[in-house]
Amino acid sequence: MGEQRGSVRTVSGRPDTGHPALRLLALPHSGGRAESFIGWRDALPAAFPRTAVDLCAAQYPGHGDRLAEPPLEEVGAIAEEIVADLTRLPPADLVLFGHSFGSAVACEVARRCPKAGLDVVLLVASSAWAPGDPARPPRDEHLLSDEELWERLVALGGIDPVIAAHIELRDLLLPAMRADIAAHERYLGCPDSVTLHCDVHACMARKDPLVPVLAGRHWGRLTTGNASTDIRPGSHFHVFDDPAPLLADLARRVFTRTKGGASAHEQ
């Protein structure tokens with residue numbers, strides 16, 4: 001992914017040169033890294049054959065090559081850093097793809113984009129409860145012991161089995177994961193309402209043990225824009241199982257929202 005620093009990393013494309021039509025920014029789950037989305041790179045040309053797309057992913061403080069930095073404990077603070085980095089890139093229509101915890105970050109990025117002069121074409125919330133959904137059961141998983149929390153994360157499938165077996169790696173990675181989970185739980189439980197003005201698409205997984213498919217309905221209540229919901233095969237980490245059909249579906253949805261496929265920055 002190159003010798004990049006900061007919160008926004010290039011997965012494919014060269015955002016430092018040229019003017020892409022579309023920027024797809026992936027926002028990872030709790031404990032996730034920007035590198036998690038490298039598997040999307042090969043499927044991108046087939047999904048967007050006639051569009052210059054920069055695929056980027058967020059690297060939160062305390063994660064990946066930012067492991068030495070203290071993790072941020074508020075979703076808004078994470079979003080502020082990401083928006084600041086986005087404003088330094090060449091202009092392009094922006095699609096935010098938040099997976100799980102990343103959906104909360106996507107909400108706060110989207111709320112800050114208009115003031116920063118950034119045009120959000122679509123926000124995709126994947127395998128995530130919407131903030132303010134009264135059906136969401138209260139959770140305090142960030143208060144679990146290290147052993148209990150690690151066991152739950154491993155069982156969910158978001159940790160490589162090789163890593164899961166090493167206590168030293170657990171002790172190194174768990175603080176950032178716990179910080180993400182705490183930030184997510186606080187954000188979802190906040191009584192303040194969240195209002196978006198971009199189109200929102202909820203992408204749910206049929207066998208997700210954490211977020212039922214019906215939770216996708218509440219995302220439409222957060223926005224003054226258009227809303228849609230899709231139910232996909234797989235479990236909580238479905239976005240990494242087979243990205244090709246996911247990206248193809250995303251491309252079709254983006255196409256209908258950019259005036260027949262032309263970027264607002266090309267008109």
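In this text the structure is predicted, and so the values were computed from the model without any measurement.

### Things to note about the overall build of the chain
- When its secondary structure is counted, the chain shows 7 helices and 7 strands.
- Along the chain, from the amino end to the carboxyl end, the secondary structure elements read β-β-α-β-α-β-α-β-α-α-α-β-β-α.
- Taking 267 residues into account, the globule formula puts the C-alpha radius of gyration at 18 Å, and the chain, at 17 Å, falls close to it.
- Principal axes of the C-alpha set define a box for the chain whose edges measure 55 × 40 × 35 Å.
- For the chain, contacts bridging at least 24 residues in sequence account for 80% of all contacts bridging at least 6.
- In the structure as shown, the chain presents an accessible area of about 12300 Å², 53% of it carried by carbon and sulfur atoms.
- If you average the places of the 27 positive and of the 35 negative side-chain charges in the chain, the two averages end up 6 Å apart.

### Quick word on the sheet that holds strand β1 (residues 8-12)
- If you trace the 7 strands from one edge of the open sheet to the other, you get β1-β3-β2-β4-β5-β6-β7, paired in mixed fashion. Sheet topology places β1 and β7 (227-232) at the edges, where each strand pairs with a single neighbour. Across the sheet, the axes of successive neighbouring strands diverge by a mean angle of 20°, strand direction being ignored.
- One ladder, built from 6 bridges, connects strand β4 (residues 93-99) with strand β5 (residues 120-126); its direction is parallel. Bridged to V95 within β5 is L122.

### A word on the pairing of β4
- In terms of burial, β4 is a largely internal element, 7 of the 7 residues being buried.
- Burial of β4 is two-sided: the residues D93, V95, F97 and H99 facing one way and the residues L94, L96 and G98 facing the other way are all buried.
- Where strand β2 (residues 22-27) meets β4, 6 bridges bridge the pair, whose relative direction is parallel. Across the sheet, L27 pairs through a bridge with G98, a residue of β4.
- The handedness of the β4 to β5 crossover, carried by helix α3 (residues 101-116), is right-handed.

### Some remarks on the pattern of salt bridges
- Considering all chains together, one arrives at 16 salt bridges under this definition.
- In this structure, the salt-bridge partner of E147 is R170, at a minimum N-O distance of 3.8 Å. Remark: R170 occurs in helix α6 (residues 167-189) and E147 occurs in helix α4 (residues 146-156); sequence separation between them is 23 residues.
- Taking the relative accessible area as the measure of exposure, R170 reaches 9% and is therefore buried.

### Digging into unusual backbone geometry
- In this structure, S100 is a non-glycine residue whose phi angle is positive, near 55°.
- Tracing the chain through its elements places S100 in the loop between β4 and α3.
- You can call S100 buried: its relative accessible area is 11%.
- We note that S127 has phi near 50°; this positive angle belongs to a residue other than glycine.
- Secondary-structure assignment places S127 in the loop between β5 and α4.
- Overall, the relative accessible area of 1% leaves S127 in the buried class.

### As for the environment of G157
- Topologically, G157 is positioned in the loop between α4 and α5 (161-164).
- Along the sequence, G157 and V120 sit 37 residues apart, while their C-alpha atoms lie 31 Å from each other.

### Section: the packing of aromatic side chains
- Inspection of every chain in the model, using the stated rule, returns 4 aromatic pairs.
- An angle of 85° between the planes, with centres 5.0 Å apart, marks the rings of W40 and F97 as edge-to-face. Linking W40 in the loop between β2 and α1 (44-47) with F97 in strand β4, this pair joins segments that are 57 residues apart in sequence.
- Taking the relative accessible area as the measure of exposure, W40 reaches 1% and is therefore buried.
- By the ring-pair criterion, three or more aromatic residues cluster together here, those being F37, W40, F97 and F240.

The rules we used
Residues numbered from 1 in each chain as written. Predicted model: local features only at pLDDT ≥ 70, side-chain atom pairs only at ≥ 80, totals over all residues. Heavy atoms only, no water. Helix = DSSP H or I, 4+ residues; strand = E, 2+ residues; numbered from the N terminus. Rg over C-alpha atoms; globule rule 2.2 N^0.38 Å. Contact = heavy atoms within 4.5 Å. Areas by Shrake-Rupley, 256 points an atom, 1.4 Å probe, with all protein chains shown as cover. Lys, Arg positive; Asp, Glu negative; His and termini not counted. Charge placed at Lys NZ, Arg CZ, Asp CG, Glu CD. Pairing = 2+ DSSP bridges. Axes fitted to C-alpha atoms, helices over the stretch in contact; angles between N-to-C directions. Buried < 20%, exposed > 50% of the residue type's maximum accessible area, 1.4 Å probe, protein only. Right-handed = clockwise from strand over helix to strand, strands pointing away. Salt bridge = Lys/Arg side-chain N within 4 Å of Asp/Glu carboxyl O. Phe/Tyr/Trp six-rings, centres within 6.5 Å; stacked < 30°, edge-to-face > 60°.

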